[in-house]
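Descriptive structure summary
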Amino acid sequence: MKWPKKVTISILIAVALLLIGWDIYVAVNKDDGDTISEILLWVSRHPVIPFAFGVLMGHLFWPQYRDRT
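These notes cover the structure that comes with them. Quick caveat: nothing in here was measured; it's all calculated off a predicted structure.

**Considering the overall build of the protein chain**
- Helix and strand counts for the protein chain come out as 3 helices and 0 strands.
- Ordered by position in the sequence, the α and β elements of the protein chain form the string α-α-α.
- For a compact globule of 69 residues, the expected C-alpha radius of gyration is about 11 Å, and the protein chain comes in at 17 Å, more than 25% above that figure.
- Projected onto its principal axes, the C-alpha positions of the protein chain cover 55 × 30 × 10 Å.
- Within the protein chain, the proportion of its 69 residues that are buried is 3%.
- Charge-centre separation for the protein chain: the mean point of 7 positive side chains lies 19 Å from the mean point of 6 negative side chains.

**Things to note about the environment of I36**
- Position of I36 among the secondary structure elements: in helix α2 (residues 36–43).
- For the pair I36 and L19, spaced 17 residues apart in the sequence, the C-alpha separation amounts to 8.3 Å.
- Setting aside residues up to four positions removed in sequence, I36 forms contacts with L19 and D23.

**Brief notes about the packing of aromatic side chains**
- Scanning the entire structure with this criterion turns up 1 aromatic pair.
- Between W22 and Y25, the ring centres sit 5.5 Å apart and the planes meet at 40 degrees, which makes this aromatic pair tilted. With W22 and Y25 both in helix α1 (residues 3–28) and 3 residues apart, the pair spans about one turn of that helix.
- The class for W22 is partly exposed, based on a relative accessible area of 48%.

**Points about a negative patch on the surface**
- Taken together, the side chains of D31, D32, D34 and E38 present a region of like negative charge at the surface.
- Checked against the element boundaries, D31 lands in the loop between α1 and α2.
- On the basis of relative accessible area, D31 is assigned to the exposed category, the value being 54%.

**Digging into the side chain of T35**
- Within the element layout of this structure, T35 appears in the loop between α1 and α2.
- Setting aside residues no more than four positions away along its own chain, T35 makes contact with D23, V26 and A27.

Quick notes on the rules
- Residues numbered from 1 in each chain as written.
- Predicted model: local features only at pLDDT ≥ 70, side-chain atom pairs only at ≥ 80, totals over all residues.
- Heavy atoms only, no water.
- Helix = DSSP H or I, 4+ residues; strand = E, 2+ residues; numbered from the N terminus.
- Rg over C-alpha atoms; globule rule 2.2 N^0.38 Å.
- Buried < 20%, exposed > 50% of the residue type's maximum accessible area, 1.4 Å probe, protein only.
- Lys, Arg positive; Asp, Glu negative; His and termini not counted.
- Charge placed at Lys NZ, Arg CZ, Asp CG, Glu CD.
- Contact = heavy atoms within 4.5 Å.
- Phe/Tyr/Trp six-rings, centres within 6.5 Å; stacked < 30°, edge-to-face > 60°.
- Patch = residues over 30% accessible without salt bridge, like charges linked within 9 Å, V, L, I, M, F, W, Y side chains within 5 Å.
- Areas by Shrake-Rupley, 256 points an atom, 1.4 Å probe, with all protein chains shown as cover.
- Salt bridge = Lys/Arg side-chain N within 4 Å of Asp/Glu carboxyl O.

Right under this line is the structure:
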């Protein structure tokens, strides 16, 4: 595995762990409406936001075929 791929995977894992840690920290607080899921639910009242997330997920997870020759 080449080093750029290792760096990319490491960054993705670090960001995921950071977001999980932040969400747990915020969920422990007494204030309501601060977790990532609560913020996304609040923002999703605007129809453009769920559509944009759908486009983003389609871009990330749609098969990307490349000619490996």
